[in-house]
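Listed here are the chains, written in short residue letters.
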Amino acid sequence: MTAAEPPSQPLPKLAVIAREAGVSVATVSKTLNGRSDVSAHTRRLVAEVLERRGYPRQRIKPTRGSMVDVMLQGLDSPYALAILGGVEDAAWRLGVDLVVSAVLDRTKNGQPPPAWLDRIGARESAGVLLVRTSPTATQRTWLADHGIPFVTVDPRRKPPRELPVVVSANLAGARAATDHLIGLGHERIAIVTGRPGVPCAAERLTGYRQAMASAGLRVDPRWEVCGYFQKDSALRATQALFAALPNPPTAVFACSDAMAVGVYQALAERGRRVPDDVSVVGYDDSWAAAHLTPVLTTVRQPWPELGAAALAALLVDEPPARTELPTTLVVRSSTAAL
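The rules behind these values
- Residues numbered from 1 in each chain as written.
- Predicted model: local features only at pLDDT ≥ 70, side-chain atom pairs only at ≥ 80, totals over all residues.
- Heavy atoms only, no water.
- Salt bridge = Lys/Arg side-chain N within 4 Å of Asp/Glu carboxyl O.
- Helix = DSSP H or I, 4+ residues; strand = E, 2+ residues; numbered from the N terminus.
- Buried < 20%, exposed > 50% of the residue type's maximum accessible area, 1.4 Å probe, protein only.
- Arc of directions from axis to C-beta.
- Contact = heavy atoms within 4.5 Å.
- Core = buried A, V, L, I, M, F, W, Y, C linked by side-chain atoms within 4.5 Å.
- Pairing = 2+ DSSP bridges.
- Right-handed = clockwise from strand over helix to strand, strands pointing away.

### Description of the pattern of salt bridges
So, step 1. Scanning all chains against the criterion turns up 11 salt bridges.
So, step 2. Residue Arg-322 is joined to Glu-203 by a salt bridge in which the shortest nitrogen-to-oxygen separation is 3.3 Å. Of this pair, Arg-322 sits in strand β11 (residues 322-325) while Glu-203 sits in helix α8 (residues 199-214); the two residues are 119 residues apart in sequence, bridging distant segments of the chain.
So, step 3. Residue class for Arg-322 comes out partly exposed when judged on its relative accessible area of 42%.
So, step 4. Residues Arg-273 and Asp-276 are paired through a salt bridge, measuring 3.4 Å at the closest nitrogen-oxygen approach.
So, step 5. Under the relative-accessibility criterion, Asp-276 is labelled exposed at 55%.
So, step 6. Three or more residues are tied together by salt bridges with common partners; here these are Arg-132, Asp-154 and Arg-156.

Next comes the structure, spelled out in structure tokens:
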């Protein structure tokens, strides 16, 4: 068999693959059948032999007993922990073991430290889930060269288009939030956006703008203020917004529940009541949403489902480039008709 033969031909004999890969026939058989007791290094050797002989590079799908690495942005994020809960539930059902690590060095923009790759290689991980963090270009190359697949979940930085990601429908969720306010008769709707450069922040801003445009409503650039996904920043941004405008908005879409808390505080300081004077919508459906007064209308994100979907994507031979799960608008008491 030569490299010129089409991939549709049967695989070469196991002895041929074993000889060229430098492993035993039994090891080749286990590799091709997806056995979990085969190292990532051996899987890579077998895949390289097949590639040289005209077959596309193969990745053996992790099976029961495989070990998957999970890298979290940090242990202080309730959203990351909710995603991890979904990963854990799915891993238990699938019989997959997890190794959980956290990015503790915030000076690296939430990127995994270089030594992390050495630990993954040493324990022969079957794959990597990156929760709200993204690998550097060097780390992506290392993972690819070692035949270790990875999937990013709700990344904080925009990944290359070809890398598999699992996210919630941020644009659609923002449109639903804005459409809800428009349906209540509001036309002057402000938005408190998240941190610039974060993909979900950009998508939510786009969803807001699309909803306003579809309703034929003009968007005043002064109505778009940045709260950086933080309560105090949102408080200051909302204070400045209402102080600067002679005819302020009648509704505010805060792109996270944490920022909605800041919006509530800013409105209270100005003597404006929610929702009698200003309607407010948040995003995430966090613990805070149900404990604000009045309780917050918000967009629920499917955090555990994101984790389960990410693990499922990791365990297929060719994960989709983008998996997007729907969000849900939860209407409570913070919005009212104009």
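On we go.
### Some points on helix α5 (residues 115-123)
So, step 1. Of the positions making up α5, those classed as buried are Trp-116, Leu-117 and Ile-120. Within α5, the buried residues cover an arc of 100 degrees as seen down the axis, which keeps them to one side. Exposed and oriented more than 90 degrees from the buried face of α5 are Asp-118 and Ala-122.
So, step 2. On its buried side, α5 packs onto β1 (67-72), β2 (97-102), β3 (127-131) and α6 (137-145).
So, step 3. Trailing α5 by a residue or two, Glu-124 shows a phi angle of about 55 degrees, which is positive.

### Quick look at the nonpolar core
So, step 1. Membership of the largest hydrophobic core comes to 37 residues, with the highest contact counts inside it found for Tyr-208, Phe-253 and Val-280.
So, step 2. The set of elements that each furnish at least two residues to this core consists of α7 (170-183), β6 (189-193), α8, α9 (231-244), β8 (251-254), α10 (257-269) and β9 (279-281).
So, step 3. Top contributing element to this core by residue count: α10, with five residues.
So, step 4. Dropping the residues within four chain positions of it, Phe-253 is found in contact with Ala-174, Ala-177, Thr-178, Leu-181, Ala-190, Ile-191, Val-192, Arg-204, Tyr-208, Val-281, Gly-282 and Tyr-283.
So, step 5. Judged by nonpolar contacts, the second largest core, of 25 residues, contains Val-153, Ala-310, Leu-311 and Leu-325.

### Section: the pairing of strand β4 (residues 150-153)
So, step 1. Across the two faces of β4 the burial is the same, with Phe-150 and Thr-152 and Val-151 and Val-153 all buried.
So, step 2. Sheet analysis places β3 next to β4, joined by four bridges and oriented parallel. Following the sheet pairing, Leu-130 is matched in β4 by Thr-152.
So, step 3. Handedness of the crossover joining β3 and β4 through α6 is recorded here as right-handed.

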